[in-house]
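The lines below spell out each chain.
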Amino acid sequence: MNWDDDTAPPADERIVAAAAEGDDQAVEAALRPKDLSEFVGQEKVRQQLDLVLKAARQRGATADHVLLSGAPGLGKTTLSMIIAAEMNAPIRITSGPAIQHAGDLAAILSSLQEGEILFLDEIHRMSRPAEEMLYMAMEDFRVDVIVGKGPGATAIPLELPPFTLVGATTRAGLLPPPLRDRFGFTGHMEFYDPAELERVIHRSAGLLDVEIDTAGAAEIAGRSRGTPRIANRLLRRVRDYAQVRADGVINREIAAAALGVYEVDSRGLDRLDRAVLEALLKLFGGGPVGLSTLAVAVGEERETVEEVAEPFLVREGLLARTPRGRVATPAAWSHLGLVPPQAAAPGTPGSGQQGLFGA
């Protein structure tokens, strides 16, 4: 697929997208750690979860229900599979959008085996009737199946074997309190620091049979947005570059050159991110500017700018959302090598002010 020079690729096809699509899912399966001892990062969540699982195994009981929240690509699905492995139990994987009716959930729950792990991704997107059925299933291991309609409808109780629900969500605030309260353990996944990402990259490089030095791993880690999934994707692209244009060994120079080809800069910004910043700085003097106006200037939909580009720019301290609109921070001017308007002489390019007679 080719894109015009001034058009960013679709959000789900960006090399720095946190979601896994297509081939990424197959590669991720091969790179995922199999137990908690191999899992890198998330030290607090990992230690707490280790205690929960060990205690359950010692009691010979199923583990408490687990809720994992955090941004995409931080390891929620991986942890759910590790939970199943640690409990020596099978795992059933589904997602909230796939459960639109209470009957869909009843069919899944009634087929579970004792001790089985049910992984429910994007649990906040499940339908309300299914949520209400899940309350009783989690607490009492029972669901009421409604037979018939109208006044003649009857509820038939269906006993369920004990199971462990692992829910994953990127937006924990959208979960209703009655559902959140039924999870025995809640873990929030944080973004990784560069040192942790370096360990992820070295481990993945070993599995992929890629030779990489410490400086090369650090270069990739610094551009990975604190997300292991992005780090692994960038590693594979740098591997391709090193294989075709070098001797196959990844060092800092090779990693920087490869990621330059893929337009990922030193802070992990890609073409869409920089387009947003450049429009904000060069066209609107750093803001404030409305979201719709900024989206038109970039040539993207409002939702794409707000949901795809802005979260990372805000987290990096390059852009601020204010009641008057979007505003660039001093760090944004510095990153793009531009001079803020207040530091430039009035009437000069980039000053954000018109000269005498509007010149």
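Structure: see above.
Below you will find a few notes about this structure. Please read all numbers here as calculations on a predicted model, not as lab measurements.

**Details of the pairing of strand β10 (residues 319-322)**
For step 1, the next point in the chain: The sheet contact formed by β10 and strand β11 (residues 325-328) spans 4 bridges and is antiparallel. Bridged to Thr 322 within β11 is Gly 325.
For step 2, the next point in the chain: Between β10 and β11, which pair antiparallel and follow one another directly, the connecting turn spans 2 residues.

**Topic: the side chain of His 65**
For step 1, the next point in the chain: Within the secondary structure layout, His 65 lies in the loop between α2 (43-59) and β1 (66-69).
For step 2, the next point in the chain: Looking at His 65, the relative accessible area reads 7%, which means it is buried.
For step 3, the next point in the chain: One polar contact links the side chain of His 65 to the main-chain carbonyl oxygen of Met 138, over a distance of 3.0 Å.
For step 4, the next point in the chain: A polar contact is formed between the side chain of His 65 and the backbone nitrogen of Leu 165, at a distance of 2.9 Å.
For step 5, the next point in the chain: Residues in contact with His 65, not counting those within four places in the same chain, are Met 138, Phe 141, Phe 163, Thr 164, Leu 165, Arg 182, Phe 183, Gly 184 and Phe 185.

**Here's the deal with helix α9 (residues 228-245)**
For step 1, the next point in the chain: Taking 1.5 Å as the rise per residue, α9 with 18 residues should run 26 Å; its terminal C-alpha atoms sit 25 Å apart, in good agreement.
For step 2, the next point in the chain: Every buried residue of α9 is listed here: Pro 228, Arg 229, Ile 230, Ala 231, Asn 232, Arg 233, Leu 234, Leu 235, Arg 236, Val 238, Tyr 241 and Ala 242.

**With respect to the pattern of salt bridges**
For step 1, the next point in the chain: Enumeration over the complete set of coordinates arrives at 17 salt bridges.
For step 2, the next point in the chain: Between Glu 43 and Arg 46 there is a salt bridge, with its nearest N and O atoms 2.5 Å apart. Separated by 3 residues within a single helix, Glu 43 and Arg 46 lie in helix α2, roughly one turn from each other.
For step 3, the next point in the chain: Residue class for Glu 43 comes out partly exposed when judged on its relative accessible area of 29%.
For step 4, the next point in the chain: Put simply, Asp 240 and Arg 237 hold a salt bridge, and the shortest N to O gap is 2.9 Å. Here Arg 237 and Asp 240 lie together in helix α9, a separation of 3 residues that amounts to about one turn.
For step 5, the next point in the chain: Judged by its relative accessible area of 26%, Asp 240 falls in the partly exposed class.
For step 6, the next point in the chain: Here the salt bridges do not stand alone but share partners, grouping Glu 219, Arg 223 and Arg 252 into one network.

**Thoughts on the packing of aromatic side chains**
For step 1, the next point in the chain: Under the defined criterion, the tally for this structure stands at 1 aromatic pair.
For step 2, the next point in the chain: Relative to Phe 163, the ring of Phe 141 lies with its centre 5.5 Å away and its plane at 80°, an arrangement referred to as edge-to-face. With Phe 141 in the loop between α5 (128-140) and β4 (142-147) and Phe 163 in the loop between β5 (154-159) and β6 (164-169), this pair connects stretches of sequence that are 22 residues apart.
For step 3, the next point in the chain: Its end group placed over the ring of Phe 312, Arg 225 keeps NZ or CZ at 4.0 Å from the ring centre.
For step 4, the next point in the chain: Looking at Arg 315, its charged tip hangs above the ring of Phe 191, at a distance of 3.5 Å from the centre.

**Describing a nonpolar patch on the surface**
For step 1, the next point in the chain: Taken together, Val 145, Ile 156 and Leu 158 make up a surface patch of nonpolar side chains, about 210 Å² in accessible area.
For step 2, the next point in the chain: Tracing the sequence through the fold places Leu 158 in strand β5.
For step 3, the next point in the chain: Exposure remark for Leu 158: the relative accessible area of 32% places this residue in the partly exposed category.

**Observations regarding the sheet that holds β6**
For step 1, the next point in the chain: Spatially, 5 strands are ordered β2-β3-β6-β1-β7 in an open sheet, and the strand pairing comes out parallel. With partners counted over all chains shown, the strands left at the sheet margins are β2 (91-95) and β7 (185-188), one partner each. Between one strand axis and the next, the sheet turns by 15° as a mean value, whatever way the strands run.
For step 2, the next point in the chain: Note that β2 and strand β3 (residues 117-121) share 5 bridges and pair parallel. Within the sheet, the bridge partner assigned to Ser 95 lies in β3 and is Asp 121.
For step 3, the next point in the chain: Across the sheet, helix α3 (residues 76-86) is in contact with β1, β2, β3 and β6; its angle to β3 comes to roughly 175°.

What counts as what
Residues numbered from 1 in each chain as written. Predicted model: local features only at pLDDT ≥ 70, side-chain atom pairs only at ≥ 80, totals over all residues. Heavy atoms only, no water. Pairing = 2+ DSSP bridges. Helix = DSSP H or I, 4+ residues; strand = E, 2+ residues; numbered from the N terminus. Buried < 20%, exposed > 50% of the residue type's maximum accessible area, 1.4 Å probe, protein only. Polar contact = N/O pair within 3.5 Å; in protein donor to acceptor, adjacent residues only side chain to side chain. Contact = heavy atoms within 4.5 Å. Expected span 1.5 Å × (residues − 1). Salt bridge = Lys/Arg side-chain N within 4 Å of Asp/Glu carboxyl O. Phe/Tyr/Trp six-rings, centres within 6.5 Å; stacked < 30°, edge-to-face > 60°. Lys NZ or Arg CZ within 6 Å of the ring centre and 35° of its normal. Patch = residues over 30% accessible without salt bridge, like charges linked within 9 Å, V, L, I, M, F, W, Y side chains within 5 Å. Areas by Shrake-Rupley, 256 points an atom, 1.4 Å probe, with all protein chains shown as cover. Axes fitted to C-alpha atoms, helices over the stretch in contact; angles between N-to-C directions.

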